[in-house]
Amino acid sequence: MDEVSLNSEPVGDDDADGFEIEGDCAMTEYVGQAGIIQGENPLPPAVGMEFESYEDVYYFYNCYAKDQGFGVRVSNTWYRKSKERYRGKLSCSSAGFKKKSEANRPRPETRTGCPAMIKFRLMDSKRWRIIEVEVEHNHLISPKSGKFYKSHKHLGVGTKRALQLESAEEAQKIRLFRTVVIDAEDSESLDVDEGVFGNNVDYCNQLKLKVGDAQAVLNYFTHMQLINPNFFYVVDLNEKGCLRNLFWTDARARVAYGYFGDVVAIDTTCLTNKYEVPLVSFVGMNHHGQSVLLGCGLLVGETIESYTWLFRAWLTCMLGRPPQAIITDQCSTLQTAVADVFPRASHCLCLSHIMQKIPEKLEGLYEYEAIIAALNRAVYHSLRSEEFEAAWEDMMQRHGLRDQKWLQVLYEDRKWWVPVYLKDTLLAGMFPIQPSDVVSSFFEGFLDKQTPLKEFLDKYDQVLQTKHQLEDLADMNSRNSTYMLKSGSYFELQLSKLYTNDILEMFKREVEGMYSCFSTRQLNADGPIFTYIVKDQVEVERNRREARDYEVFYNATEMEVLCICGLFNFKGYLCRHALSVLNQNGIEEIPPQYILSRWRKDIPRNYVLDHSSNGIDANNPVHRFDHLYKCVVQVVEEGRKSEDRYKFALQALDQILNKLRLVDNQ
């Protein structure tokens, strides 16, 4: 037995004061100009909460205790023989009773044997988890008395103590508290952000902000909170209270995620390529095939802890609903964090980014051009996994590439990036399957390696407005303009009434491609399932085409059709081979299961748009809420400036409420 408790009896108040954790415990309700936070800790302790360290648990419980109005005592700490702590118990300072004193004038008894406490232990993951909670006290507690307890003397919320800064660069830091996130594996459990209070301090443990950067971030967030209801942001602090990681998103992105959150790309280009702005962005694809921003973060570095913190913050913002598929760059830390936070999502590596690395990784090799041609054939033209395996093996053997480490890693990860292995995953146009498919950054043209943070924030709204205007214009064109049918196909006519123009243009290529399918014949039948072979002329190299056989399965009973090329899952619409089989069977309309709502133009999407008062759609409840919220915020801002204004605003709001009730009665 290697476990021992060093505290068999509750220790006194002075012992509890041995933990001195820097920082103020509060949520992001208000941030003053000096960077000091004000507000309250909204969370009571709960079984299942996890923390990065023993000190974090104490810090959290002590903040909660101060908010409620009681002190904290370390009742028990258990150690292994290796002197590693593995279990602890924190109690109300009124827990237990003092030992009888033999002094002539003993102090009066102040303890009540209070049962309030938490127990926590070190898990295999090296996180500390709360395993037992008692929140009821047997004595009166009051938030007003919290400041009198010794355990709270380092937790003066809103005090103006100076920050201990190491350089002029750190002169202004945003100091906010962490949020609660939803565990991806159990939406009912709560988890406190990881990575907030690490034990190792180094110079890479905080964002390198230049003079004015922190104020620029604060100004932007304050502005967005006033004009944008549901604007969401949260920060991660290091053990010195300095900004380490940051996440934010706006109301429109949160609503858009409900429509286009099935497939999400996580762009870490700025972080990987050492941009001035260490940006990570969450990007989806809208009903026009345009990229749509679903959230942004600034990270201190490419670490598992930082990525995990960011992903959990984003998942919390999206109400704990993970995407079906996630696309990232090839990076072991990213892959680990995605597997941890999104265990049920299909994780894919961006094929376009991998192929763009070929010159850097392979250029200079003997027969470089021949290697590239062989690699392209294996990746882009394999219809079955065994075809890819044979083509890859032939390339490795023919060109003597056995010792090429980058190719070895690519092969080990092949099921995450080679199209032939991803056919069963719905990727809705976000995964490139042809050499001509290029994935660009959402902020391309607005952000480069030298762009400073302040300039990026200035451009941020400009980028969003540009993207929003493009989407609004595409909406208008799809609703109002007449789509010019290029063929006599019933399939194209059917979708022209449902899909947006941009998606129709892409689908049109498949309709036209039916004419290159010069042979469609039934191979065999197994009950209601028929197997067809469709011959198609495809381009395999520049200016060279060849005939290929595509296997298509058709279930006449269920009206299901499946092609070996997998285009429906990759792009979100049926391929020419499947259309040819439907056509041969006399089917004039695409079955409903192959018409995706994410491409439709006739679905009203209730984005929270930045309308002026004249542009509000009064029939849209989301727009009504948005506009009323902004008006009320203006009243609150004016009303708080003086006591007279406050009283007048309160009276006016009461009158408005009474009039609204009269409207309901009438």
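Refer to the structure printed above.
The rules behind each value
- Residues numbered from 1 in each chain as written.
- Predicted model: local features only at pLDDT ≥ 70, side-chain atom pairs only at ≥ 80, totals over all residues.
- Heavy atoms only, no water.
- Phe/Tyr/Trp six-rings, centres within 6.5 Å; stacked < 30°, edge-to-face > 60°.
- Helix = DSSP H or I, 4+ residues; strand = E, 2+ residues; numbered from the N terminus.
- Buried < 20%, exposed > 50% of the residue type's maximum accessible area, 1.4 Å probe, protein only.
- Lys NZ or Arg CZ within 6 Å of the ring centre and 35° of its normal.
- Pairing = 2+ DSSP bridges.
- Axes fitted to C-alpha atoms, helices over the stretch in contact; angles between N-to-C directions.
- Contact = heavy atoms within 4.5 Å.
- Polar contact = N/O pair within 3.5 Å; in protein donor to acceptor, adjacent residues only side chain to side chain.
- Parallel < 35°, antiparallel > 145°, perpendicular 65-115°, else oblique.
- Left-handed = near helix turned anticlockwise from the far one by under 90°.
- Nonpolar A, V, L, I, M, F, W, Y, C, P; charged D, E, K, R; others polar.

Draft legend 1. Local environment of the packing of aromatic side chains. By the definition in use, this model includes 34 aromatic pairs. Between phenylalanine 221 and phenylalanine 231, the aromatic rings sit 5.6 Å apart at their centres with planes inclined by 55 degrees, giving tilted as the arrangement. Taken together, the positions of phenylalanine 221 in helix 3 (residues 213-227) and phenylalanine 231 in the loop between helix 3 and strand 11 (232-237) put the pair 10 residues apart, joining distant regions of the chain. With respect to burial, phenylalanine 221 and phenylalanine 231 carry one shared label: buried. A connected cluster of aromatic rings, assembled from ring pairs, spans Tyr220, Phe221, Phe231, Tyr233, Trp248, Phe442, Phe443, Phe456 and Tyr460. One residue, arginine 85, lies across the ring of tyrosine 54, its end atom 4.0 Å from the ring centre. Stacked on the ring of tryptophan 599, the Lys or Arg arginine 598 has its end atom at 4.7 Å from the ring centre.

Draft legend 2. Geometry of the sheet that holds strand 12 (residues 243-249). Here we have 7 strands laid out as an open sheet, ordered 11-12-15-14-13-16-17, and mixed in their pairing. Since the sheet does not close on itself, it has two edges, and those belong to strand 11 and strand 17 (346-349), each with one partner. This sheet shows a mean twist of 20 degrees between the axes of neighbouring strands, independent of strand direction. Pairing of strand 13 (residues 263-267) with strand 14 (residues 279-285), which is carried by 3 bridges, proceeds in the antiparallel orientation. Pairing of alanine 265 across the sheet is with valine 283, part of strand 14.

Draft legend 3. Spotlight on the sheet that holds strand 18 (residues 519-526). The strand order across the open sheet built from 4 strands is 18-19-20-21, with neighbouring strands paired in antiparallel fashion. Every other strand in the sheet has two partners, leaving strand 18 and strand 21 (560-563) as the edge strands with one partner each. With direction set aside, neighbouring strand axes in the sheet form an average angle of 30 degrees. Where strand 19 (residues 529-541) meets strand 20 (residues 544-555), 12 bridges bridge the pair, whose relative direction is antiparallel. Considered in strand 20, the bridge of lysine 535 is made with aspartate 549.

Draft legend 4. Representation of the environment of arginine 321 within the structure. Within the secondary structure layout, arginine 321 lies in the loop between helix 6 (304-317) and strand 16 (325-328). The spatial distance from the C-alpha of arginine 321 to the C-alpha of glycine 261 is 8.8 Å, given a sequence separation of 60 residues. Residues contacting arginine 321, with those up to four places away along its chain left out, are Tyr257 and Leu315. One polar contact links the side chain of arginine 321 to the main-chain carbonyl oxygen of methionine 318, over a distance of 3.3 Å.

Draft legend 5. Geometry of the side chain of serine 281. Structurally, serine 281 can be placed in strand 14. Not counting residues within four places of it along the chain, the set of residues in contact with serine 281 comprises Ala265, Ile266, Asp267, Leu293, Gly295, Cys296 and Phe443.

Draft legend 6. View of the packing of helix 3 against helix 14 (residues 453-480). Where helix 3 contacts helix 14, the two axes come as close as 9 Å, and the packing angle between them is 20 degrees. Judged by the inter-axis angle, helix 3 sits roughly parallel to helix 14. At the point where helix 3 passes helix 14, the crossing takes the left-handed sense. Contact with helix 3, carried on its side by Asp213, Ala216, Val217, Tyr220 and Met224, involves Leu453, Lys454, Leu457, Tyr460 and Asp461 of helix 14 and no other residues of that element. A class-by-class count of the residues in the contact of helix 3 with helix 14 yields 7 nonpolar, no polar and 3 charged.

Draft legend 7. Structural view of the packing of helix 11 (residues 385-398) against helix 12 (residues 405-412). Where helix 11 meets helix 12, the closest approach of the two axes is 13 Å, and the angle between their N-to-C directions is 170 degrees. By the criterion of interaxial angle, the relationship of helix 11 to helix 12 is roughly antiparallel. Contacts between helix 11 and helix 12 involve Phe388, Glu389, Trp392 and Met396 from the first element and Leu407, Leu410 and Tyr411 from the second. Partitioning the contact of helix 11 with helix 12 into residue classes produces 6 nonpolar, no polar and 1 charged.

Draft legend 8. The arrangement of the side chain of threonine 451 in detail. Positionally, threonine 451 belongs in the loop between helix 13 (414-417) and helix 14. At 2.8 Å, the side chain of threonine 451 forms a polar contact with the side chain of aspartate 448. Apart from the residues lying within four places of it in its own chain, the contact partners of threonine 451 are Glu276, Val277, Phe446 and Phe456.

Function cannot be inferred from these measures alone, as they are strictly geometric.
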